[in-house]
Amino acid sequence: MITNKCKHCLSRKRRDGTVDYYHSMLAATIVVPGQRHCLHLMPEFIETFDGNDKQDCERNAAKRWLGSDKATSVAHLRPVFLGDALFACQPIAERVADIDNADFIFVAKPEYHKAVFDFVESSPTQTIIVGGPKRSTHTYRWASGVPMRKDDPVYVDWCEITITNASGKITYRNSFVTSLGVDAGNVIKIVTCGRTRWKIENESFNVLKNHGYNLAHNFGHGKNHLAKTLAALNLLAFNFHNVCDVLEDLWQRARKKAGKRTSFFSAIFHACDFFIFETFQELFDFMLVRKPPASLQTSAAGP
């Protein structure tokens, strides 16, 4: 049994009897269709709580996040909450409904949402078909007034996209439940928004884990909240860098010259290992044109 753990750790037992201890979090992320950059909001940590026999989970963390000021603080943005099939349940839908100006688009799957698909398959649906790239065909189907469960349900709208290639083979299919009213005028936009959830994985967590932030690395448990603090600082750094990617010209040019994000971070590390830069201007001047810090230039010129 691994003993490197703290009181907030989650655990999982392996087949050989050993136990892994780990930390996890629900990291709410702002994404926009067609926009490469994304921003993290304050996460909700999935952790062991005193007095709880049952281990915490993503769904419970989502309920806590939606019921806190973390969610209400973005209500003025009229957010549409995205999530995979795990979150397409009535308790989560009800939490979103309690937030002013908020809606949701969640993935729905036949194996997990029987009431939804029983209704859809036994009721009339509407369809539009449009052409896609490389002679593909995009078929959009939708229905309104769909129950999320059999007993005392919340009613939602349902939509589906099916993509077939030029030879008629299905290359992609996905379905969503949403609190937004779906019609012929907005079904494509709603599906596009629903599919934008993948940006959270591709543009955020893939970068955080594999491109210089080492989020999956164990930075240490500490005595109480160290692991959570370090994870939150990691997300804050990611946000800061994304803002610089959009707004800071010197940062953008240095990033472009370095190429990969990991190479950019490495260049900063090695530059600061050899020289002391009084400003970021000096640092990026050095990275771009190998112009040494002002202190070295003064020393070289003599008294």
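Note: the structure precedes this text.
This structure is a prediction, so every number in the text was calculated from the model and none was measured.

Undergrad: Provide a residue-level description of the sheet that holds strand E8 (residues 103-108), including the pertinent values.
TA: The six strands are arranged E7-E8-E12-E11-E10-E9 in an open sheet whose pairing can be described as mixed. Edge positions in the open sheet fall to strand E7 (80-83) and strand E9 (126-131), since each of these has one partner strand only. Strand-to-strand, the axes of this sheet are offset by a mean angle of 20°, without reference to chain direction. Two elements, E8 and strand E12 (residues 170-178), share four bridges in a ladder whose sense is antiparallel. Bridging across to E12, Ala108 finds its partner in Ser175. The strands that helix H3 (residues 90-97) touches are E7 and E8; relative to E8, the one it contacts most, it runs at about 165°. Contacting E7, E8, E9, strand E10 (137-147), strand E11 (155-164) and E12, helix H5 (residues 187-195) runs over the sheet at an angle of about 85° to E11.

Undergrad: Tell me about the pattern of salt bridges, residues and numbers included.
TA: Taken as a whole and judged by the stated rule, the model has ten salt bridges. With a shortest N-O distance of 3.2 Å, Glu47 and Lys228 are connected by a salt bridge. Here Glu47, found in the loop between strand E6 (44-46) and helix H1 (58-66), pairs with Lys228, found in helix H7 (residues 226-247); they are 181 residues apart in sequence, far enough to count as distant. In this structure Glu47 comes out as buried when scored by relative accessible area, which is 9%. Given a relative accessible area of 17%, Lys228 falls into the buried group. Between Asp118 and Lys114 there is a salt bridge whose closest N-O contact spans 2.9 Å. Of the two residues, Asp118 and Lys114 both sit in helix H4 (residues 114-121), four residues apart, roughly one turn of that helix. You can call Asp118 partly exposed: its relative accessible area is 36%.

Undergrad: Any chance you could break down the packing of aromatic side chains for me, citing the residues and the numbers?
TA: Counted by the stated rule, this structure contains 13 aromatic pairs. Relative to Phe265, the ring of Tyr213 has its centre 5.3 Å away and its plane inclined at 85°; by these criteria the two rings are edge-to-face. Of the two residues, Tyr213 sits in the loop between helix H6 (198-210) and H7 while Phe265 sits in helix H9 (residues 261-274), which places them 52 residues apart along the sequence. The interplanar angle of 50° and the centroid separation of 5.7 Å between the aromatic rings of Phe277 and Phe286 together place this pair among those described as tilted. Judged by relative accessible area, Phe277 falls into the buried class, the value being 15%. One Lys or Arg, Arg195, reaches over the ring of Tyr172 and ends 4.2 Å from the middle of that ring.

Undergrad: Help me get a handle on the nonpolar core, residues and values and all.
TA: Phe81, Phe104, Phe106, Trp158 and Val177 are the most contacted members of the largest nonpolar core, which totals 31 residues. Residues within four places of Phe104 in sequence aside, it is in contact with Val80, Phe81, Ala93, Val96, Val156, Val177, Thr178 and Ser179. Listed in part, the 28 residues of the second largest apolar core include Val31, Ile200, Phe238 and Leu283.

Undergrad: Talk me through a negative patch on the surface; I want residue IDs and the actual numbers.
TA: A contiguous patch of negative charge on the surface is contributed by Glu94, Asp98, Asp151 and Asp152. The residue Asp151 is located in the loop between E10 and E11 in this model. With relative accessibility at 62%, the residue Asp151 sits in the exposed group.

Undergrad: Explain the environment of Asp157 residue by residue, including any values.
TA: Tracing the chain through its elements places Asp157 in strand E11. Spatially, the C-alpha atom of Asp157 lies 14 Å from that of Ala97, the residues being 60 residues apart in sequence. Beyond its immediate chain neighbours, meaning those up to four positions away, Asp157 contacts Ala143, Ser144, Gly145, Phe176, Val177, Thr178, Leu180, Gly181 and Val182.

Undergrad: Tell me about the packing of H6 against H7, residues and numbers included.
TA: Each packed pair of helices is defined by two parameters, the angle between the axes and the distance between the axes. As a packed pair, H6 and H7 sit with axes 12 Å apart at the nearest point and diverge in direction by 120°. With respect to H7, the element H6 is oriented oblique. Every pair of crossing elements has a handedness; the one defined by H6 and H7 is right-handed. Only Asn234, Leu235 and Phe238 of H7 make contact with H6, whose side of the interface consists of Glu203, Ser204, Val207 and Leu208. Looking at the contact of H6 with H7 residue by residue, the classes come out as four nonpolar, two polar and one charged.

Undergrad: Break down the pairing of E9 for me, with residues and values.
TA: As judged from the six bridges shared by E9 and E10, these two strands associate in the antiparallel manner. Bridge assignment links Ile129 to a residue of E10, and that residue is Thr139. A loop of five residues connects E9 with E10, the two strands running antiparallel in sequence, and Lys134 in this loop sits at a positive phi of about 55°.

Scoring rules and cut-offs
- Residues numbered from 1 in each chain as written.
- Predicted model: local features only at pLDDT ≥ 70, side-chain atom pairs only at ≥ 80, totals over all residues.
- Heavy atoms only, no water.
- Pairing = 2+ DSSP bridges.
- Helix = DSSP H or I, 4+ residues; strand = E, 2+ residues; numbered from the N terminus.
- Axes fitted to C-alpha atoms, helices over the stretch in contact; angles between N-to-C directions.
- Contact = heavy atoms within 4.5 Å.
- Salt bridge = Lys/Arg side-chain N within 4 Å of Asp/Glu carboxyl O.
- Buried < 20%, exposed > 50% of the residue type's maximum accessible area, 1.4 Å probe, protein only.
- Phe/Tyr/Trp six-rings, centres within 6.5 Å; stacked < 30°, edge-to-face > 60°.
- Lys NZ or Arg CZ within 6 Å of the ring centre and 35° of its normal.
- Core = buried A, V, L, I, M, F, W, Y, C linked by side-chain atoms within 4.5 Å.
- Patch = residues over 30% accessible without salt bridge, like charges linked within 9 Å, V, L, I, M, F, W, Y side chains within 5 Å.
- Areas by Shrake-Rupley, 256 points an atom, 1.4 Å probe, with all protein chains shown as cover.
- Lys, Arg positive; Asp, Glu negative; His and termini not counted.
- Charge placed at Lys NZ, Arg CZ, Asp CG, Glu CD.
- Parallel < 35°, antiparallel > 145°, perpendicular 65-115°, else oblique.
- Left-handed = near helix turned anticlockwise from the far one by under 90°.
- Nonpolar A, V, L, I, M, F, W, Y, C, P; charged D, E, K, R; others polar.

These figures come from the coordinates and say nothing about function on their own.
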